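# Overview (structure and organization)
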Amino acid sequence: MNTWINPEFEKTVLQTPSDRRTGGNLDNTHNPHYSPPEEQQIYQHLLHLVRLESPGQMIERFRALFIEGLGYPEPQIPLMLDKITASKTAVQEFKFFLNRCCHILINRWHMQPQMHHAISELINLFVSPPIKSRSASLRYREIRRLRELIKVFTESDQYQILLRFTQVVNQPSQLDTEKGNQPLITLIRRYPYLHEHYLISEDSTSEQQQTVRQIQTLAQKKFEIDLSQYVIYKVRCNQIIQGASVADINRILRPVNNPTLLSDRELFSTLKQFIGKVEGDYTYKDLAQNFLRYSSQVSSFRAFKDDLYQYLTSSIDGEYGKRQFNQRLYNQLQNTLPQANSQKLDDFLVVRTCSQLLNFLVVNSQLSPQHFTFVDLVTNQGSMLTIGLLLKIVLICRKVKPHLEKRLAILFNHYESSTTNCIQWLVKALEQLNIALSIHFGNLDVSYFKQMR
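This section reports on the structure supplied with the text. Worth saying up front: this structure is predicted, and the values here are computed from it rather than measured.

### Some points on the overall build of the protein
- Secondary structure summary: the protein contains 22 helices and zero strands in total.
- The proportion of buried residues among the 453 residues of the protein is 50%.
- Counting only contacts in the protein whose residues sit at least 6 apart along the sequence, the fraction spanning at least 24 positions is 74%.
- Counting every atom, the protein has about 22,600 Å² of accessible surface; 51% of that belongs to carbon and sulfur.

### Considering empty space enclosed by the protein
- Under the defined criterion, the tally for this structure stands at three cavities of 30 Å³ or more.
- Size it by volume and the largest cavity reaches roughly 40 Å³.
- In terms of lining residues, the largest cavity is bounded by His 103, Ile 106, Asn 107, Phe 165, Gln 208, Thr 211 and Val 212.
- Sorting the residues of the lining of the largest cavity by element identifies helix H6 (90-110) and helix H12 (206-239) as the ones contributing at least two each.
- Of the residues in the lining of the largest cavity, the class split is three nonpolar, four polar and no charged.

### So, the packing of helix H17 (residues 318-334) against helix H18 (residues 347-361)
- Packing of H17 against H18 brings their axes to within 10 Å, and their N-to-C directions diverge by 145°. Where H17 crosses over H18, the two elements pack in a sense that is right-handed. Here Phe 325, Arg 328, Leu 329, Gln 332 and Leu 333 of H17 come into contact with H18, specifically with Thr 353, Gln 356, Leu 357, Phe 360 and Leu 361.
- Class assignment for the residues of the contact of H17 with H18 results in six nonpolar, three polar and one charged.

### Things to note about the environment of Gln 334
- Topologically, Gln 334 is positioned in helix H17.
- When its relative accessible area of 21% is taken as the criterion, Gln 334 is described as partly exposed.
- Taking C-alpha positions, Gln 334 is 8.1 Å from Arg 302, a pair spaced 32 residues apart along the chain.
- Among all residues touching Gln 334, those that are not within four sequence positions of it are Lys 305 and Asp 306.

### Here's the deal with the environment of Gln 297
- Assignment of secondary structure puts Gln 297 in the loop between helix H15 (284-295) and helix H16 (301-313).
- In this structure, the C-alpha to C-alpha distance between Gln 297 and Leu 345, residues 48 residues apart in sequence, is 9.3 Å.

### So, the layout of surface pockets
- Empty space within the second largest pocket amounts to approximately 550 Å³.
- Where the lining of the second largest pocket is concerned, the elements lending two or more residues are helix H9 (157-169), helix H11 (192-198) and helix H21 (401-414).
- For the lining of the second largest pocket, the element with the highest residue contribution is H9, accounting for five residues.
- Residue composition of the lining of the second largest pocket, by class: five nonpolar, six polar and five charged.

### Points about the packing of aromatic side chains
- This model, assessed by the stated rule, comprises 22 aromatic pairs.
- Aromatic side chains Phe 94 and Phe 97 sit 5.7 Å apart centroid to centroid with 50° between the ring planes, which places their arrangement in the tilted category. Taken together, the residues Phe 94 and Phe 97, both in helix H6 and three residues apart, mark about one turn of the helix.
- Relative accessible area serves as the criterion here: at 2%, Phe 94 is assigned to the buried category.
- In this structure Phe 97 comes out as buried when scored by relative accessible area, which is 0%.
- Above the face of the Tyr 198 ring, Arg 164 is positioned so that its terminal group lies 4.0 Å from the ring centre.
- The ring centre of Phe 441 lies 5.5 Å from the NZ or CZ of Lys 401, which sits over that ring.

### A closer look at unusual backbone geometry
- Its identity as a non-glycine residue notwithstanding, Leu 337 has a phi of 45°, on the positive side.
- Residue position: Leu 337 is located in the loop between H17 and H18.
- Residue Leu 337 is classed as buried on the basis of its relative accessible area of 12%.

Rules of the game
- Residues numbered from 1 in each chain as written.
- Predicted model: local features only at pLDDT ≥ 70, side-chain atom pairs only at ≥ 80, totals over all residues.
- Heavy atoms only, no water.
- Helix = DSSP H or I, 4+ residues; strand = E, 2+ residues; numbered from the N terminus.
- Buried < 20%, exposed > 50% of the residue type's maximum accessible area, 1.4 Å probe, protein only.
- Contact = heavy atoms within 4.5 Å.
- Areas by Shrake-Rupley, 256 points an atom, 1.4 Å probe, with all protein chains shown as cover.
- 1 Å grid on protein atoms, 1.4 Å probe; cavity = no way out; pocket = protein on both sides within 12 Å on 5 of 7 lines; lining within 4 Å.
- Points joined across faces, edges and corners; volume = space filled by probe spheres on them.
- Nonpolar A, V, L, I, M, F, W, Y, C, P; charged D, E, K, R; others polar.
- Axes fitted to C-alpha atoms, helices over the stretch in contact; angles between N-to-C directions.
- Left-handed = near helix turned anticlockwise from the far one by under 90°.
- Phe/Tyr/Trp six-rings, centres within 6.5 Å; stacked < 30°, edge-to-face > 60°.
- Lys NZ or Arg CZ within 6 Å of the ring centre and 35° of its normal.

Any link to function would need more than the numbers given here.
Below is the structure:
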């Protein structure tokens, strides 16, 4: 069994977000954000036990300590917890403390796939009813306070992110994927480019962030390998003598499944779109390089915006563009930093212009998730050409790629409870963006892709 644990984990998980902002000195008793000694001792207690006990034993400990408030084997630990819950700041701070307690276990278990099931069991504890006990009357006030704080925790962003994390570590059933009737949230593991924005909050410890980025890297690598293997398989199938039956092909080649939620026809069209020529003899990469070469010689920011308008509208269907879109795009660009129009182009102006374009084209913010333009583009141009438009922007300004990913994470969050058969337009766009980003920003070997027919 792999018992690896990151040596930095104890240092980071024992710090509050405020501790980390002030340098992370756990011995600094003069720090106004100093984590109480009771919290520190419970962290240390859990860190010690998670190395020794099975996931089942740790879950029962969590149930006794945080759900029942009774029957914990070491009686001094509930007394420490009582001090934490009685604090005047508990309503604001307890959710962060409990989140870190959960991550002590999650960090240990996520490194061992055979223990992934325990992560869901742990998170589900907080919505399972406590077992009624006569002895609960002896600690009535403490248990009532604990349950009030657990309710606050289950309604917090911290708990929502834990629920999302379970969707990443637990593979959804193939049957549900085929039915297309599962909530969108169950597909989050398919889109590594969303992980950092969807699974990390402002108060996440550095260890939580590292864990998510490890999962993101592995998911991206797996998708690229699976996609390459599928394309190689299809190319070889086409090379086999015409007239061979499916059974004959399967005897010669080991079948490989399509790793996307697109049909084969949609998948190959998408690959052709993002690898091949899209405007005359130019690929997306060619178009971006030509634009960058030309824009490096423009005389002003105003001239850059005019050229950017031409660069983007060349991908827009003429009739659709004439109706409203082109004018709205032009106005968006003209209203971007107009006070800088006469200035010489610099990196700040390019990044700001491209990030505001992505707000306009996809969604502005979490607080105001209006995305009429994105839906309108997908409806009138199709998801593939819409993703191509977004790709054009990140290819000329790679610094805004995380900004694009965050825009899509906001949309994913907005629709996370919707069933996928009701939002196929979004699922298709997410799948196609996954392919586009893998081709242009990943490590895909596209040589076999060019042999597809």
